Structure formats: structure tokens, C-alpha cells
Amino acid sequence: MPHKLSFKVTHASGQDEVHRASELNFHSPLTKGWQSARYCLYPQDIVIHLEKRSRLRKIQVLSHQCLIATRIEFFVGDVPDGMPVDLDNARYTRLGYVSLSDNEKTGFKARELKSVQVDAVGVFLKLNIHKNHINKYNIYNQVGLVAVNVIGDPIRKGLEDIDDMDLFTERRKVLDDPSMDGLYNRPDYISPLDDLAFDMYQDPEIAQIIRKLERKKQEAVLQERYEYAKKLKHTIQELQKVGEKIGKYEVEKRQAVENEDYDKAKLKKAQMDEYRVQIYRDLNVPDLLETTGSRHPKHIDLESTRQPTPPRLLDLPRTPPSPPPRTPYDERPLPAIKRASLAIEEEEDPAPPDTASGGITGEPEPLSEKDMREASAAIDIFGEALVSKAYSKTWSYREDALLAVYKQMQELSASNKQEAREMLRASIPLMKRAIDDKVYAVFKAGLMLLKMILTEYIPKHKLQKSDTVMTMEKTLPNLLHKSGDTAARNRDDAKNFIYECATMPEVKPTMVVPHECVKPWKGNLAPRLAQSRAEIVESLYEQLGIKDSKSGLTVDNIMNFCVVALGHTSADVRVVTENIVKALYKEVGQPVKDYLPPDDEKTRKNTMWRLLFEYFDKVDGKPSKSDVKRQKADEEARKQQEIDGLQKQLQQLKDMAAGKAPVDESALESKKPSKFKTKSRRPMVKPKLNKTLSKADPDDDTSVYNMDNICIFCGEKNPSFTEEGLDLHYWKNCPMLKRCANCKQVVEIASYTDHLLTECEAKSNYAKCNRCTEAITKPEYEQHVAEKACNASKNNMNHCPLCHQNHLTGEDGWKNHLMGKDGCKQNPRRLLALNKQPPTGKGAAAASRGKPVGVRNLKKTPR
């Protein structure tokens, strides 16, 4: 099996004094790597000498983040038989080259890892490093390599050349065992532990232990000790996490030393030592390695060590790296573990032996049959070579392909509209793949191509509106899906591009963007994607509105989307959607409610609906249901207080009538319930009362003893006039009273005009006419005064606000007008009073005089 080959750098055409070529001999988190001399001549050469003559299978190069070469050529060197193995006797064969990205898109914050497959035999490997990419951080025009890794098989002439016979024997057992077919005995199988990224991010001591455990695992599988192999597998996984963390601490310790912060360096060392001992103890590494002689390791509970808790000292803040910017070791994902999240580190799968050498020539891998069928239209227009790059596993090839398509479409002549349309259709599958690409640089290149097509290509070739619609309908679903990406910058770029498309002159008239965005989703969409969709609809509504018929947004399509989104399980999705509904209701009002559940008690039990409907009430200027309930409760409490007060006053009156207490005139005055507002037309003249009253005859209707059965306004006596009966009488039947049309309070008709002008809640809507003295609504006031058609009020006479006629002055005048047979024709309660049986006896005499004496002394004021 191919494995990592040991080597030593034997030649370098130049080197920096701090970053010497010998740094490439070792792989660890502390490796500084090699850098060329300042202002050196190009190309630069580095030659490494393999420990033994070997068959090379894979070469890996980790470039510096800002000292980046444009190209690296590879040569394998061998020595003819019979000649000393010396650099001067080497004969080199060119294998090919790789191109490196300028790293500008990542802001020079990531290092590019190139892995290429080869099939060559030799003892030397020469790297020919061409001139650097120019950037603001590379002020001395240098190039740099952080690490080089070579994987292959030593060529053995006999068993005498084997240093570790035990290891060789175990390997041969694995290779020769037919039961292991497809596991470790594949001729092209390369262990992840031999990958460059493993050693570059792992603590060296932990890395060696992991390799030993890996060999133990292979042996356990061969010996069918599967429980032991399972424990080894979990331990290896845990140690890989631990090794990365300790490697990070080692880097921080070195940075502290460089900054001469020796206290921090001492603490970091203590952290590493304590953490290492703790992990070895928790994982019981010696027992798993069987160094204690145990054949059957004891049970180990790995659950407690899945996420080991570092010592308390690990909470110390990290010292920020000094410029020029370098990729932080603790934030860069390992290619062997998180390949999908890498932006520029590229790993390629091992190629078959007969095509292994093709990966180094700069050509992408050939298309599969499936890809060829999918991209047949693009191949016919752009050629198979370009499309192969677009489908390549190497991100830089994919980016180059999109840039090449961009250039071809820009340079296409405007003379042939049919050719332009065919090229547009051929580019769409490439753009869709680019939008879905996990590499940010490729995604951005796809957006750039799509923007050029929409803003330049379609107008230039005067393509039809249907071509614009087709382009957006094909690519917009990919953009919407990208808006729910796990990477924040991918989400933001996708959403911003959708907003931009919605306002493009060629796209806006089609209304395809808002129509596609407000389509309700089916099922329960992923929370992040659903939230992005809701945010897009919210922004489009703010940006386009619904007043313009060409905006593509209506109350109907927005509310259909919102109804589905309000039912999503994620609270974040519902919050954004509620904001859309509130803004829409504020603009259009009632039509929004047609799409929502009925506003009833059952619906309002749900907190979301209750808050929405209370917001609607607030917009409409109505009190919310909770406010109404609170006001009703307050009103009930006030009513109960009044009832209690009236009962107390009534008892005082009865006691007074029985001669038990002096007359409380204020109590008599308050006999009329306070909820019924009355107002005298002139200041009240309080009648004089005797200090004491003798007990009246219970049969005398005019007696204070019986006054609780008499209406103090109209003088009617009725046994049903209890407290509740009087309230009902005042409210519906008393001909001397009227309910205000505005505030619904019961007031005396005689003081109705003053009530409207001074007491009513709507008093600001009325003005007094100086001619008729009535309260006139302000919208009608000017016309009323100008026409002078009202019946003028006369001195020493009452003026009725119902029929607008003048009548006799005084209280008797009001009573005759409002209750008499020939009285006010506009008083509907007058006829009810006339139809009742007239009182008899003393009550009738009192009624004919206007009111019983006792009652007059109690309340009424002469008019």
C-alpha cells in the first residue's frame, strides 16, 4: 500500500534566513515552511531526496497564504544503475505542472492545498517554482511553501532491505488475506493518516499514537476482534480532536514566545501537559495499545470523553497574530475531516492507475456519461474541454470555466440573434451548477455571469422577453435555495442578488422574481431556508410595494404566502411573517383579515393570533379586547360601589323619616343615581328643611317614607320602582329623560343642550347657535347660522331641543311640554306615559301639582 515517504531537502536555489528549506523536512503545526530570498530570480528550484528509491503515487504541496507562486512544475529524478546515488548523477523526467490561485477572493486568509496523482519511479523530486502572484502583502516578490508531502511505495529488491520485519509481515498478512478484499489491500489505497493535512494540524506525539492505534485496528480486524477494533476506532476519532486542539495551543505558545509574553507561554505549556495527561488517562491509551500485556482490554466508557473538558486555564484569551495576515490554525478546518467546507483547499480522489498521471498535466478529469448527457447542449456550444472544467472536482477549473463562458458571451457578435439565444440556453446549466457550488469563488463567478447576461447580454442581442423569463425561472430556484445556505456570506449574497434582479430593467417588467418568491412552500421547509424566504418577501414588499400593478405583488399572493409561513414550526420564521402581515394591514386594512381565521375567543386563545388581532384593533383606533374586558370590570366595580352607596343613603332616609336622625340634605340630593347625568338650567336654590321630621304616615304617597317607589323626574309611583326598577325606568320610559346619541348617558331633556356643549365626550363636535341656543354639529354649523331658518329662542320661555319649540318657563312648563297631551311631538316617551293608568288618591294630587312635596325637597330644583 502507498504510504508517506521520508525525505530530506538536498538543494534549494535560494531561501530566506528565517524560513529555510530544511523546514520542509518536518510536518507539524509549528512548521514555518520555506520562503525564497527577497527579490529573487525565477524560477526557484527545490530538490528533495527520498530515503529510498520509490514509486511515487501522490504529491501534495501546501502553499503560503500570500507568498504564492503562479505555477509549480514537478520533475522526478532517478540514477542509472551502477552509478552512485548522488544529485549530480540524477536524470530528471518532467511530470507536469499545477497552477495556483492568487488567493485574492479569500482575502489572503487561507492556504491552498494541491494534491496531484502521479505514477513515476525515482529517488529525487524537483520542484520548479515560477514567479509570484503580486499582492499588497508580498512586498518583496517572494514565493513560499509551507509543506511538501510525498506518498508512494519503496521499491524493494529483497527482504534484506526491510527495516521493520514485523510491520512488513503484518502488512503482508493483510494484503494476502482474501477476507480483507476491498478494505486495506487495494493497491491504490492511501490512508488518511498519511495525508499532509493530518500532520500539519496534529500534535506530533498524538499523531504517532494515532498511527499505532490504526495499525492495531487493522490487526484486530484481521484477527476478527471486532469489539476491540470498535474501541480503537472511537479512540482514534477522539484523539484526532485532541491532537488538533493541542496543536492549536502549541501555536499559541510559540506566538507568546515571539511576543516575549513568557508568562502566557508558561501557562500554555501547563495547559498542554495537563490536558495530554488527562486525555491519556480518560481514554486508557496504554491499555488499548496493549503495552501492559493485556490481551483483552477492559471496557472503556467513551461517552465521557466525546467532548473532553479542558482545564480551567484554557479560557485565557488568544494573542492575535501579527501582520501580514496568516490563517489561524484553530479556525481552519482539516481537509480530511471537513472537505466540503473548504474554500480553496482542494483534495482530489485517487485516479485509476492507468490515468493517474493525467492529473498533473493541467487538464481536468474527463466527463462521465451522465455529465455528458446533462451538459450536451453546453458541449455543442462551448466545447467538451471547457465543460469538463466546469464539471471538474478542482474548484479553480470550475471558476476558470465560468470566466471563459463570460468572455465568450461578451465577445459574441450581435449580428446573429439565433446563435445568441442558443448560447444563452447552453450557459444556464453551468450557471445553475455554479450557484449551487459550495466553493465561494465559484458561486461568485456564477453570479457575475448571470448578472452580465441579464444586464448586458440580453439587451445587446435584443432577445425576447420570454428569454429573460426562461433565464430567471431556471436560476431563481437555485438562488432561493442558496439563500438558506449554512454560510452567512452565501446567504447574504444570494438574497442581495435576488433583490437586485427584482429591479433590473430587463427583469422587473416580467414580475417573475416576486411571483416566484411568494409561492407558498409545501410541507415544512427547513427553518433557515424558510426564514430567508420570508425575509426576501418582506424586503420585496418594502422595495416594490403593492400600489404599482407592475410590481408583481398583491394582497392575495402575499397573504397566501404569509398564511403558510405563519404555520411554520420555527418562531424566527413566524416573527418575520408577522411583520409582513402588520405592514400590509397598516396599508390596506380589512382585506387582510379575509385570509386569517375569524376573530373570536377561540382564535384569540393562540398567542400569535391574539397579538396580531390586537395590533389590528390598535391600527383601527379601537380598544383591544383585553382593554374592553378591563374597562368592563372597572365599570362593574364602580356600579357596585354606587349600589352600595344608594343602599346606604336609602337606609339613612328611612331612619330620618322614622325620626331617628336629622335630615342629611346631601344624601337626599344624591338619591338620583350618579350614572344618570342631570343638570339644572339655573343655580339650585336649596329649600329650607326642618331640623327634625316626624314619622310620616305609611299610607301617605307624598311621604319620604315611600319615596323609593316614585320617580323624582316625572312623579310616577309604581311598586316595581325598586333600585333596579328605577334604573330601568330612567333608561327606557321616563318622559323627562333622554339617552345621549353620542356618549349613551341618560340626561334630562331640559339640560340636553348644555350636556352636548359642556359634558359629552363629543362636545368638541358641537357649537352653540346664538339664535336658537341649541347645540349644532360643527359640519352643519355655518350653514345653519347662514340660513337663519331656526326657531329663535325667546326670553322667559323654555326652548325644547327635540321639537325646537318655545314653551312656558319653569319646571311645570317642562313637565307639561314633555308629558302633556298636547306636548312635544318629538318625545317618543310622552305617548308611553299618557297610555299608562293615571295615579289615584294623594299620589294623583301630587302628580297634578308636578311632584310630591317630599320628593321636591329631596332633589328637584325649580326652573
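Before reading further, recall that the structure is shown in the block above.
Quick caveat: nothing in here was measured; it's all calculated off a predicted structure. (Residues numbered from 1 in each chain as written. Predicted model: local features only at pLDDT ≥ 70, side-chain atom pairs only at ≥ 80, totals over all residues. Heavy atoms only, no water.)

**Things to note about helix α25 (residues 778-787)**
Since the α-helix advances by 3.6 residues per turn, residues separated by three or four positions end up pointing in the same direction.
Part 1: α25 sits mainly on the outside: zero of its ten residues count as buried.
Part 2: Where α25 ends, the next residue or the one after it, K788, has phi of about 50°, a positive value. (Buried < 20%, exposed > 50% of the residue type's maximum accessible area, 1.4 Å probe, protein only. Helix = DSSP H or I, 4+ residues; strand = E, 2+ residues; numbered from the N terminus.)

**Some remarks on the nonpolar core**
The tendency in soluble globular proteins is for nonpolar side chains to be buried side by side.
Part 1: Membership of the largest hydrophobic core comes to 87 residues, with the highest contact counts inside it found for L449, I453, Y457, V513 and L540.
Part 2: Considering every element that reaches this core, the biggest residue donor is helix α12 (residues 440-461), with 13 residues.
Part 3: The residues touching Y457, leaving out its near neighbours within four places in the chain, are M409, L412, E419, A420, M423, L424, M452 and L463. (Core = buried A, V, L, I, M, F, W, Y, C linked by side-chain atoms within 4.5 Å. Contact = heavy atoms within 4.5 Å.)

**Looking at the packing of aromatic side chains**
Part 1: With the rule as written, the count across this model stands at nine aromatic pairs.
Part 2: Arranged with centres 6.4 Å apart and planes meeting at 55°, the rings of Y440 and F443 form a pair that is tilted. Of this pair, Y440 and F443 both sit in helix α12, separated by three residues, roughly a single helical turn.
Part 3: Note on F443: relative accessible area 0%, which makes it buried.
Part 4: Taken together, a centroid distance of 5.8 Å and an interplanar angle of 80° make the contact between F613 and F616 edge-to-face. Separated by three residues within a single helix, F613 and F616 lie in helix α20 (residues 607-619), roughly one turn from each other. For the residue pair F613 and F616, the accessibility class agrees, reading buried in each case.
Part 5: Positioned over the ring face of Y92 is K126, at 4.6 Å from the centre of the ring.
Part 6: The side chain of K738 reaches across the aromatic face of Y752, ending 5.3 Å from its centre. (Phe/Tyr/Trp six-rings, centres within 6.5 Å; stacked < 30°, edge-to-face > 60°. Lys NZ or Arg CZ within 6 Å of the ring centre and 35° of its normal.)

**Here's the deal with the pattern of salt bridges**
When the charged atoms of two side chains with opposite charge come close together, those side chains can pair.
Part 1: Under the criterion given, the structure shown has 28 salt bridges.
Part 2: Linking E258 and R254 is a salt bridge whose minimum nitrogen-to-oxygen distance equals 3.9 Å. You can see E258 and its partner R254 sitting in helix α4 (residues 226-258), four residues apart, about one turn around the helix.
Part 3: For the salt bridge of K495 with E535, the shortest nitrogen-to-oxygen distance reads 2.7 Å. Note that K495 is positioned in helix α14 (residues 488-502) and E535 in helix α16 (residues 527-544), a separation of 40 residues in sequence.
Part 4: The exposure class assigned to K495 is buried, which follows from its relative accessible area of 11%. (Salt bridge = Lys/Arg side-chain N within 4 Å of Asp/Glu carboxyl O.)

**Examining the environment of Y189**
Part 1: As for its position among the elements, Y189 is in the loop between α1 (165-176) and α2 (196-201).
Part 2: By relative accessible area, Y189 is classed as buried at 15%.
Part 3: Residues Y189 and H3 lie 186 residues apart in sequence; the distance between their C-alpha atoms is 8.9 Å.

**Digging into helix α10 (residues 395-411)**
Part 1: Over its 17 residues, α10 extends 25 Å from the first C-alpha to the last, a length consistent with the 24 Å expected when each residue adds 1.5 Å.
Part 2: The set of residues buried in α10 consists of W395, S396, Y397, R398, E399, A401, L402, V405, Y406 and M409.
Part 3: Looking at the buried side of α10, the elements it contacts are β7 (113-129), α8 (376-382), α9 (384-390), α11 (417-436) and α12. (Expected span 1.5 Å × (residues − 1).)

**Regarding the pairing of strand β5 (residues 71-78)**
Part 1: Of all eight residues in β5, seven are buried; the element is thus mostly enclosed.
Part 2: Here eight bridges tie β5 to strand β6 (residues 91-99), and the two strands are oriented antiparallel to one another. Looking at the pairing, V76 lines up with T93 of β6.
Part 3: Across six bridges, the pairing between β5 and β7 is antiparallel. (Pairing = 2+ DSSP bridges.)

**Looking at the environment of Q65**
Part 1: Structurally, Q65 is set in the loop between β4 (44-63) and β5.
Part 2: One polar contact links Q65 to R111, side chain to side chain, over a distance of 3.1 Å. (Polar contact = N/O pair within 3.5 Å; in protein donor to acceptor, adjacent residues only side chain to side chain.)

**Some thoughts on unusual backbone geometry**
Residues other than glycine predominantly adopt negative phi, and peptide bonds predominantly adopt the trans conformation.
Part 1: Here Y42 and P43 are connected by a cis peptide whose omega angle stands at 0°.
Part 2: With respect to the element layout, P43 can be found in the loop between β3 (34-35) and β4.
Part 3: Residues other than glycine seldom take positive phi values, yet N103 does so here, at roughly 70°.
Part 4: Mapped onto the elements of the fold, N103 is located in the loop between β6 and β7.
Part 5: According to the relative accessible area criterion, N103 is buried, its value standing at 4%.

**Observations regarding the packing of helix α17 (residues 555-565) against helix α18 (residues 571-588)**
Part 1: Interhelical geometry of α17 versus α18 gives an angle of 150° and a closest axis separation of 9 Å. With respect to α18, the axis of α17 lies roughly antiparallel. In terms of crossing hand, the pair formed by α17 and α18 is left-handed. Touching V555, I558, M559, C562 and A565 of α17 are V573, R574, T577, I580, V581, L584 and V588, all from α18.
Part 2: Taken together, the residues of the contact of α17 with α18 break down into ten nonpolar, one polar and one charged. (Axes fitted to C-alpha atoms, helices over the stretch in contact; angles between N-to-C directions. Parallel < 35°, antiparallel > 145°, perpendicular 65-115°, else oblique. Left-handed = near helix turned anticlockwise from the far one by under 90°. Nonpolar A, V, L, I, M, F, W, Y, C, P; charged D, E, K, R; others polar.)

**Side note on the pairing of strand β8 (residues 144-154)**
For a regular strand, side chains alternate in direction, first toward one face of the sheet and then toward the other.
Part 1: Counting buried residues along β8, eleven of its eleven residues qualify, which places the element largely inside the surrounding structure.
Part 2: As defined by bridge partners, β3 adjoins β8 across two bridges and the pair is classed as antiparallel. Pairing of Q35 across the sheet is with G144, part of β8.
Part 3: With nine bridges connecting them, β4 and β8 associate as antiparallel partners. Within the sheet, the bridge partner assigned to L62 lies in β8 and is A147.

**Some points on the environment of A120**
Part 1: You can see A120 is positioned in strand β7.
Part 2: A sequence separation of 25 residues divides A120 from L95, and the C-alpha atoms of the two residues are 8.3 Å apart.
Part 3: Excluding residues that lie within four positions of it along the chain, A120 makes contacts with S54, R55, L56, V76 and L95.

**Describing the state of the cysteines**
Part 1: The full count for this structure, using the stated rule, is zero disulfides.
Part 2: As a non-bridged cysteine, C734 has C711 as the owner of its nearest cysteine sulfur, 3.8 Å distant.
Part 3: For C734, a relative accessible area of 0% gives the class buried. (Disulfide = S-S within 2.5 Å.)

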